[in-house]
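Read off the chains here:
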Amino acid sequence: MIRATLAAISTLLALALPAAAADDFIAAPTLRASVTVTSDVVRIGDLIDNAGSAALIPVYRSPDLGTTGTLTTGQVLSVLRAKQVIGVMTGDIKEVQVTRLARTLASKDIENAVAAALERRFGLGDAANITITFDRSVAEMRLDASNSGVLQPVATRYDARSTRFDIAFEIANDGNAAPSKLRFTGTAIETVEVAVLTRDIDRADLLKSSDLSLERRPKAEVASEPASRDRSIGMQLRRAMRAGTPIRAADLVKPDFVVRDQAVTIIYQVPGLYLTTRGKANESGAEGDTVSVLNLHSKRTLTGIVTGRGQVTVQGASQSAPMAPAVEQTSSVKRDPVPAAAALAQSLVQAPASAAEIAQAQIPQVRLSQAPAKSE
């Protein structure tokens, strides 16, 4: 009987020991030194590990979006005891830092979203060329971290005459809650990059690199194709323009190589002949332009092509032009053609009426033949 009783007691002790051992291994609640939250409240489970069933109980309001707040260890333990949470291990932690995570939207991100909503709509062009101005200053915006979706336009209005817009966006979140809503108003203007004068420019001035700067101007202000900076350098303007004026492609002309009343060199050129003389330009012209010039020797007006600075070339007829009639000579002695060439040059310099005359003023040719011998 005694042995049976002892055996029963031993069995009961054996069954009880594992339960006691299991209780020894239950982890104690432990305070955290650094906490991050995504909602607007801080819960017990955010502050301590192993909070058990008390983890979802809210105890503090979260800091502002994207900011960090600090709590002393004593403050935290006091609040936990009020919620029946005791025995919290603190170690050497003196304070707890609580950071509220946030999604940040930079002002440039919002501008890009508005421009993208208007791109190629309402008569506007590419988003990169649309300049946005908000009615109220839009600085960096912070949203709850759960708002992870893109800025999705759901209502877009734009008046082309006043350039005003009114756009509503929605941002989806990670939970099942309704999406966040944002609305922006302001003006949107399509702009173009154009070369702008940095100083007053006269009609005769050649544009230099320092005379031009690149700016974005309203497309309506430029009206036609804008001139690029590279294309403008070395060109002239059709008229004098003031500093700050945007340049259009139609405002540019090639530089004048010949200016009216300027002393020029007239070049007479026909196949096999090249002569120069002094002249005066009757009109201005760029390279390749046809202008009239006065031959100062002959006092005749000629028409030629501007081929260089202060240089006008009077072109003769092609090599297929008819030659002057050959002169029949019967001689056994070869005649010297040099005097004939000199006479031609003299006539060209003194009184050439036109390029056609120059072409026809060929060096007289001499036909040589052997005189027939007299018969005895």
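Here, the structure is the one placed above.
Reading the values: rules and limits
- Throughout, residues of each chain are indexed from 1 in the direction in which the sequence is written.
- At least 70 in pLDDT is required for a residue's local features to be given in this predicted model, at least 80 for side-chain atom pairs to be given and counted, and no such filter applies to totals for whole chains, interfaces and linings, which use all residues.
- The side-chain numbers reported here are obtained from all heavy atoms of the structure, hydrogens and water having been left aside.
- At least two bridges found by DSSP between two strands are what make those strands a pair.
- The numbering of helices and of strands both runs from the N terminus, where a helix is a DSSP run of H or I of at least 4 residues and a strand a run of E of at least 2.
- Axis definition: a line fit to C-alpha positions, over the contact stretch in the case of helices; interaxial angles, taken between N-to-C directions, run 0 to 180 degrees.
- In this analysis, two residues are considered to be in contact whenever any of their non-hydrogen atoms come within 4.5 Å of each other.
- In this analysis, a patch consists of residues with relative accessible area above 30% that form no salt bridge, clustered at 9 Å for like charges and at 5 Å for the nonpolar side chains Val, Leu, Ile, Met, Phe, Trp and Tyr.
- Here the Shrake-Rupley method, with its probe set to 1.4 Å, supplies the accessible areas, and only the displayed protein chains count as covering residues.
- Salt bridge, as applied in this entry: a Lys or Arg side-chain nitrogen positioned within 4 Å of an Asp or Glu carboxyl oxygen.
- The convention is simple: Lys and Arg are positive, Asp and Glu are negative, and His and the chain ends are not counted.
- In this description, the location of a charge corresponds to atom NZ of lysine, CZ of arginine, CG of aspartate or CD of glutamate.
- Buried residues are those whose accessible area, probed at 1.4 Å on protein chains only, stays under 20% of the maximum for their type, while exposed residues exceed 50% and partly exposed ones sit between those limits.

Participant: Please give an account of the sheet that holds strand E2 (residues 34-37) that cites residues and values.
Facilitator: The 3 strands lie next to each other as E2-E7-E6, forming an open sheet whose pairing is mixed. The sheet is open, and its two borders are formed by E2 and strand E6 (68-72), each paired with just one other strand. Averaged over all adjacent pairs, the angle separating strand axes in this sheet is 25 degrees, with direction ignored. Where helix H3 (residues 73-82) meets the sheet, its contacts fall on E6 and strand E7 (95-100), and the angle it forms with E6 comes to roughly 75 degrees.

Participant: I'd love a proper account of the pairing of strand E23 (residues 311-315), names of residues and values included.
Facilitator: Two elements, strand E18 (residues 263-270) and E23, share 5 bridges in a ladder whose sense is parallel. Residue pairing for E23: isoleucine 266 is matched across the bridge by valine 312. What sits between the antiparallel neighbours strand E22 (residues 300-308) and E23 is a turn of 2 residues, in which glycine 310 has the positive phi angle 65 degrees.

Participant: Give me a positive patch on the surface: which residues, what numbers.
Facilitator: Residues Arg260, Arg278, Lys280 and Lys299 make up a contiguous surface patch of positive charge. Structurally, the position occupied by arginine 260 is in the loop between strand E17 (256-258) and E18.

Participant: Which residues make up the pairing of strand E21 (residues 290-295), and what are the values?
Facilitator: A large share of E21 lies buried, amounting to 5 of its 6 residues. Examined bridge by bridge, strand E19 (residues 273-281) and E21 share 3 bridges and lie antiparallel to one another. Looking at the pairing, glycine 279 lines up with asparagine 295 of E21. In this structure, E21 lies alongside E22, joined through 6 bridges in antiparallel fashion. Counted as the bridge partner of leucine 294 is threonine 301 from E22. Between E21 and E22, which pair antiparallel in sequence order, lie 4 residues; one of them, lysine 299, sits at a positive phi of approximately 65 degrees.

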